[in-house]
Amino acid sequence: NNLREGRRDNKMEVLSARVKRVNVFVNAIGTMLIYTSFFAGTMLLPTLLREKLEEQTVFYSMAVHCLTAAFSSPVAMFIIKHFGTKISLIVGSLCCVFFYLSIMFPTSWAIFVAQSVFGFGLALVRPASLKFLVKNSSPSALGIDSGIHWGVFMSSMIWGNAVVYVLTHGNYYDDETRMMVYGILGALNLVGTVMYVTLRTPPRTSDQERQPLLDGMKEDLNPVTFANLVKETFSLVILRQTLWLVPSMLAAGFYFTMYCVEIPTMIGSHIALFGIMVGVGELLGSLVLGRIISSFGYVLVTIMSGCLAVISLLLTCTSLPKNSGDEVPLVDTSEMAMLVAVALAYGISDAGNNLALNSIIGRLFDDRSEVIFCVLSCVMNLAAMMWYFVYTVVAWETIIVATGLAVFASMLGIFIVVRPK
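In this text the structure is predicted, and so the values were computed from the model without any measurement. (Residues numbered from 1 in each chain as written. Predicted model: local features only at pLDDT ≥ 70, side-chain atom pairs only at ≥ 80, totals over all residues. Heavy atoms only, no water.)

1. Digging into the overall build of the protein chain
Part 1 of the reasoning: Each helix and strand in the protein chain was counted, giving 15 helices and zero strands.
Part 2 of the reasoning: Across the 421 residues in the protein chain, those meeting the buried criterion constitute 54%.
Part 3 of the reasoning: Considering only contacts within the protein chain whose residues lie at least 6 apart along the sequence, 87% involve residues at least 24 apart.
Part 4 of the reasoning: About 18,500 Å² of surface is accessible on the protein chain, with carbon and sulfur atoms providing 67% of the total. (Helix = DSSP H or I, 4+ residues; strand = E, 2+ residues; numbered from the N terminus. Buried < 20%, exposed > 50% of the residue type's maximum accessible area, 1.4 Å probe, protein only. Contact = heavy atoms within 4.5 Å. Areas by Shrake-Rupley, 256 points an atom, 1.4 Å probe, with all protein chains shown as cover.)

2. Some details on the pattern of salt bridges
Part 1 of the reasoning: For the coordinates displayed, the defined rule picks out one salt bridge.
Part 2 of the reasoning: A salt bridge links Asp145 to Arg21; the nearest nitrogen and oxygen atoms lie 2.7 Å apart. Linking Asp145 in helix 6 (residues 142–154) with Arg21 in helix 1 (residues 2–48), this pair joins segments that are 124 residues apart in sequence.
Part 3 of the reasoning: Using a relative accessible area of 2% as the deciding quantity, one classes Asp145 as buried.
Part 4 of the reasoning: Residue class for Arg21 comes out partly exposed when judged on its relative accessible area of 35%. (Salt bridge = Lys/Arg side-chain N within 4 Å of Asp/Glu carboxyl O.)

3. Let's talk about the environment of Phe78
Part 1 of the reasoning: One can find Phe78 in helix 3 (residues 73–83).
Part 2 of the reasoning: Separated by ten residues in the primary sequence, Phe78 and Ser88 have C-alpha atoms spaced 10.0 Å apart.

4. Examining the side chain of Ser146
Part 1 of the reasoning: Relative to the elements of secondary structure, Ser146 occurs in helix 6.
Part 2 of the reasoning: Apart from residues lying up to four places away in sequence, Ser146 is in contact with Leu133, Leu355 and Ser359.

5. Description of the packing of aromatic side chains
Part 1 of the reasoning: Scanning the entire structure with this criterion turns up seven aromatic pairs.
Part 2 of the reasoning: Ring geometry for Phe99 versus Phe118: centroids 4.6 Å apart, planes at 10 degrees, classification stacked. On the criterion of sequence distance, the pair formed by Phe99 in helix 4 (residues 85–104) and Phe118 in helix 5 (residues 108–135) is long-range, its members being 19 residues apart. Of the two residues, Phe99 and Phe118, neither departs from the other in class, the shared state being buried.
Part 3 of the reasoning: Measuring from centroid to centroid gives 6.0 Å for Tyr100 and Phe118, while their planes differ by 65 degrees, and the two rings are edge-to-face. Of the two residues, Tyr100 sits in helix 4 while Phe118 sits in helix 5, which places them 18 residues apart along the sequence. (Phe/Tyr/Trp six-rings, centres within 6.5 Å; stacked < 30°, edge-to-face > 60°.)

6. Remarks on the nonpolar core
Part 1 of the reasoning: With 84 residues, the main nonpolar core has Leu245, Met249, Tyr346 and Ile361 as its most contacted residues.
Part 2 of the reasoning: Element by element, the count of residues in this core is highest for helix 13 (residues 336–365), at twelve residues.
Part 3 of the reasoning: Contacts of Leu245, omitting those with residues within four sequence positions, involve Leu357, Ile360, Ile361, Leu364, Ile414 and Val417. (Core = buried A, V, L, I, M, F, W, Y, C linked by side-chain atoms within 4.5 Å.)

7. What to know about the packing of helix 4 against helix 5
Part 1 of the reasoning: Viewed as axis vectors pointing N to C, helix 4 and helix 5 meet at an angle of 150 degrees, and their least axial separation amounts to 7 Å. For the element pair helix 4 / helix 5, the angle class is roughly antiparallel. Handedness of the helix 4/helix 5 crossing: left-handed.
Part 2 of the reasoning: For the contact of helix 4 with helix 5, the class distribution of residues is 19 nonpolar, eight polar and one charged. (Axes fitted to C-alpha atoms, helices over the stretch in contact; angles between N-to-C directions. Parallel < 35°, antiparallel > 145°, perpendicular 65-115°, else oblique. Left-handed = near helix turned anticlockwise from the far one by under 90°. Nonpolar A, V, L, I, M, F, W, Y, C, P; charged D, E, K, R; others polar.)

8. Quick notes on the packing of helix 11 (residues 271–296) against helix 13
Between two packed helices, what matters for the description is the angle formed by their axes and the separation of those axes.
Part 1 of the reasoning: For the pair helix 11 and helix 13, interaxial distance at closest approach is 6 Å and the crossing angle is 40 degrees. Relative to helix 13, the element helix 11 lies oblique. Read as a crossing pair, helix 11 and helix 13 show a hand that is right-handed.
Part 2 of the reasoning: A per-class count over the contact of helix 11 with helix 13 returns 18 nonpolar, seven polar and two charged.

9. Looking at the confidence of the model for the protein chain
Part 1 of the reasoning: In the predicted model, the protein chain carries a mean pLDDT of 76, and the fraction of residues at 70 or more is 75%.
Part 2 of the reasoning: Helix 7 (residues 156–170) is the least confidently modelled element of the protein chain, averaging 72 in pLDDT, while helix 4 averages 87, the highest of any element.
Part 3 of the reasoning: In the predicted structure, residues 320–331 sits below a pLDDT of 50 and forms 26 contacts with residues beyond four places in sequence or in another chain. (pLDDT = per-residue confidence, 0-100.)

10. Observations concerning the side chain of Ser410
Part 1 of the reasoning: By the secondary structure assignment, Ser410 is in helix 15 (residues 396–418).
Part 2 of the reasoning: If sequence neighbours within four positions are ignored, Ser410 has contacts with Pro247, Ser248, Ala251 and Asn353.

11. Let's talk about the state of the cysteines
Part 1 of the reasoning: A complete count under the given rule lists zero disulfides for this structure.
Part 2 of the reasoning: Lacking any disulfide linkage, Cys95 is separated from the closest cysteine sulfur, that of Cys96, by 6.9 Å.
Part 3 of the reasoning: Between Cys378, a free cysteine, and Cys374, which holds the nearest cysteine sulfur, the sulfur-to-sulfur gap is 9.3 Å. (Disulfide = S-S within 2.5 Å.)

12. Quick word on the environment of Leu355
Part 1 of the reasoning: Looking at the secondary structure, you find Leu355 in helix 13.
Part 2 of the reasoning: Its relative accessible area of 1% is what places Leu355 among the buried residues.
Part 3 of the reasoning: Residues Leu355 and Ser286, 69 residues apart in the sequence, show an inter-C-alpha distance of 7.3 Å.
Part 4 of the reasoning: With residues near it in sequence (within four places) discarded, Leu355 still touches Ser146, Gly147, Trp150, Gly285, Ser286, Leu289, Gly290 and Ile293.

13. Points about a nonpolar patch on the surface
Part 1 of the reasoning: A cluster of nonpolar residues, Leu67, Phe71 and Leu382, forms a patch on the protein surface that exposes about 280 Å² of accessible area.
Part 2 of the reasoning: Position of Leu382 relative to the elements: it lies in helix 14 (residues 369–390).
Part 3 of the reasoning: Exposure remark for Leu382: the relative accessible area of 35% places this residue in the partly exposed category. (Patch = residues over 30% accessible without salt bridge, like charges linked within 9 Å, V, L, I, M, F, W, Y side chains within 5 Å.)

Next up, the structure:
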């Protein structure tokens, strides 16, 4: 009987491992499709709507998106804990579809409403996707699995910007093109939803390897009420480890805004190429740095990504105009090699910071990681929102210096969190 039970347990563990491995890839591909639509749709928005709506309306609608995503985090946290990650992923991805419908039939009120729903949808998708990754990985494989997830996920920068490149170089800005493009992007979003539907629950095993690094981080059996969630969030946020990770969250938001919003405004027709090369850097960084995390730990990856971040910021600073009002490209057309190098440096360093941050959160908080992932989403969106507004009133040098200081604070925070006791 013992032999028979042992064989059955081994079969269940093998089956569970296979299901989890498939889940990691399907989750990453679904999230990649959602964000491919997001990146392409957002970058094309001001161009394709310039004859339909005032530029200020488009700008404010994007600001509403960031604010909604930030302040939806508590609600998203409650939904993830109460209904689970799979339902949260499906609901969040369906919320994103309204954005593409509003662009196909644009009116000011519809875009503002759709951007609000879109922000709420992404506030659900990102934390739920990361929590699902943690639940379908093991501590020993979390670094590699995080690399796979982030690489596939951020390849959306490549595919999304490829769409932008084709359209901006063809000057296709008519109504028919807008309907076609956002119809295709909405369809991609729905394919991502279908991918989430196919996610499976692995067979239960002993899973003795899953031991969070912090005591008391196994699943909370108290009833899921908003009051209990507020108490749990407060108790986790005030932990020393969480507070030291806040600089990394801020740096992730600042850095993302630098290469997605600030720099593209200065490089004219090279926006799509820059975005594609950032995506290539993200993909390369994820595949290489994920394995380094599993083999050598977080410190080496943090140092490598931090140094690359500083180099990319210095190159940006030396190549930018003296003030944000000058319409001068970041690099001359003849200096495309510099543009590619800067983009790759941004992509690789961003991948390193996010890989370290996401896998540390998963290892520290385990079954309660969705709370911190929602906090991460909130902090990143608030940081991006702040940068989005100060761009028009603050000198470029100030923005770059502040981002560099955030990178150094991020490195220090991770060093303190992962140092041996």
